[in-house]
Amino acid sequence: MARARTREEAEPRGIEGHVFQETWGTATVVPVARALMAGLAGRTLSVEARHRFLDLLAGFVILDDDLAEACKDVARTGLWTLYEEVFSGRAVGSALFAYWILTEAEPAPARLERLLQVARHLLPDDLYEDY
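Basis of the calculations
- Residues numbered from 1 in each chain as written.
- Predicted model: local features only at pLDDT ≥ 70, side-chain atom pairs only at ≥ 80, totals over all residues.
- Heavy atoms only, no water.
- Phe/Tyr/Trp six-rings, centres within 6.5 Å; stacked < 30°, edge-to-face > 60°.
- Helix = DSSP H or I, 4+ residues; strand = E, 2+ residues; numbered from the N terminus.
- Buried < 20%, exposed > 50% of the residue type's maximum accessible area, 1.4 Å probe, protein only.
- Core = buried A, V, L, I, M, F, W, Y, C linked by side-chain atoms within 4.5 Å.
- Contact = heavy atoms within 4.5 Å.
- pLDDT = per-residue confidence, 0-100.
- Arc of directions from axis to C-beta.

## Observations concerning the packing of aromatic side chains
Moving on, step 1. This model, assessed by the stated rule, comprises two aromatic pairs.
Moving on, step 2. With centroids separated by 5.5 Å and ring planes inclined at 70 degrees, the aromatic side chains of Phe-97 and Trp-100 adopt a geometry described as edge-to-face. Of the two residues, Phe-97 and Trp-100 are both situated in helix α6 (residues 92-105); the distance of three residues between them amounts to about one turn of the helix.
Moving on, step 3. Taking relative accessible area as the criterion, Trp-100 reaches 19% and is therefore assigned buried.

Below you can see the structure in the form of structure tokens.
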């Protein structure tokens, strides 16, 4: 996925049932979340790969199990990477996923409010529209 240049190449393969099932994760979801955050911290991912990494991570932080909190902890290690994604203006869908992750993981609500004040124009009109 990290080398993907197209949307099709960025599709995860072989993780359904191994990393997560429906709305709950398996024990591997936390290490996968760490790998996703590490990939996002780098500058070599294509726009398509970044979008998919963020999409997966956003799903992990809202799982209906105890692993969601561990995934939120992983996301907290890279909060500034998530903020940078919103401010980058690279892709509105990726910015939306980063924002969703921040709404789950950001320990300081005032920073999230400030993000909306400053960068609201970089997010979709409907923040809860499915991208």
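We are not done yet, so read on.
## Here we look at the nonpolar core
Moving on, step 1. Ranked by internal contacts, the top residues of the largest apolar core, which has 43 residues, are Phe-60 and Leu-82.
Moving on, step 2. Counting only elements with at least two residues in this core, the list comes to α2 (29-41), α3 (47-60), α4 (67-76), α5 (79-88), α6 and α7 (109-119).
Moving on, step 3. Looking at this core element by element, the count peaks at nine residues for α6.
Moving on, step 4. Sequence-distant contacts of Leu-82, that is, excluding residues within four places in its chain, are made with Met-37, Leu-54, Ala-75, Ala-98, Ile-101 and Leu-102.

## Remarks on the environment of Arg-3
Moving on, step 1. Within the element layout of this structure, Arg-3 appears in the segment before α1 (7-10).
Moving on, step 2. By relative accessible area, Arg-3 is classed as exposed at 77%.
Moving on, step 3. Sequence-wise, Arg-3 and Arg-43 are 40 residues apart; in three dimensions their C-alpha atoms are separated by 12 Å.

## Here we look at the environment of Arg-120
Moving on, step 1. In this fold, Arg-120 is placed in the segment after α7.
Moving on, step 2. Residues Arg-120 and Phe-87, 33 residues apart in the sequence, show an inter-C-alpha distance of 9.5 Å.
Moving on, step 3. If near-sequence neighbours (up to four positions away) are discounted, Arg-120 is found in contact with Leu-115, Asp-125, Asp-126 and Leu-127.

## So, the confidence of the model for the protein
Moving on, step 1. When pLDDT is averaged across the protein, the result is 89; 94% of the residues are at 70 or more.
Moving on, step 2. When mean pLDDT is compared element by element in the protein, α5 scores highest at 97, while strand β1 (residues 20-21) scores lowest at 72.

## Overview of α7
Moving on, step 1. Turning to α7, its buried residues number three or more, namely Leu-112, Leu-115 and Ala-119. Burial along α7 is one-sided: seen end-on, the buried residues are contained in an arc of 55 degrees. Exposed positions of α7 whose direction lies more than 90 degrees from the buried face are Pro-109, Ala-110, Glu-113 and Gln-117.
Moving on, step 2. Summarising the contacts, the buried residues of α7 are in contact with α5 and α6.

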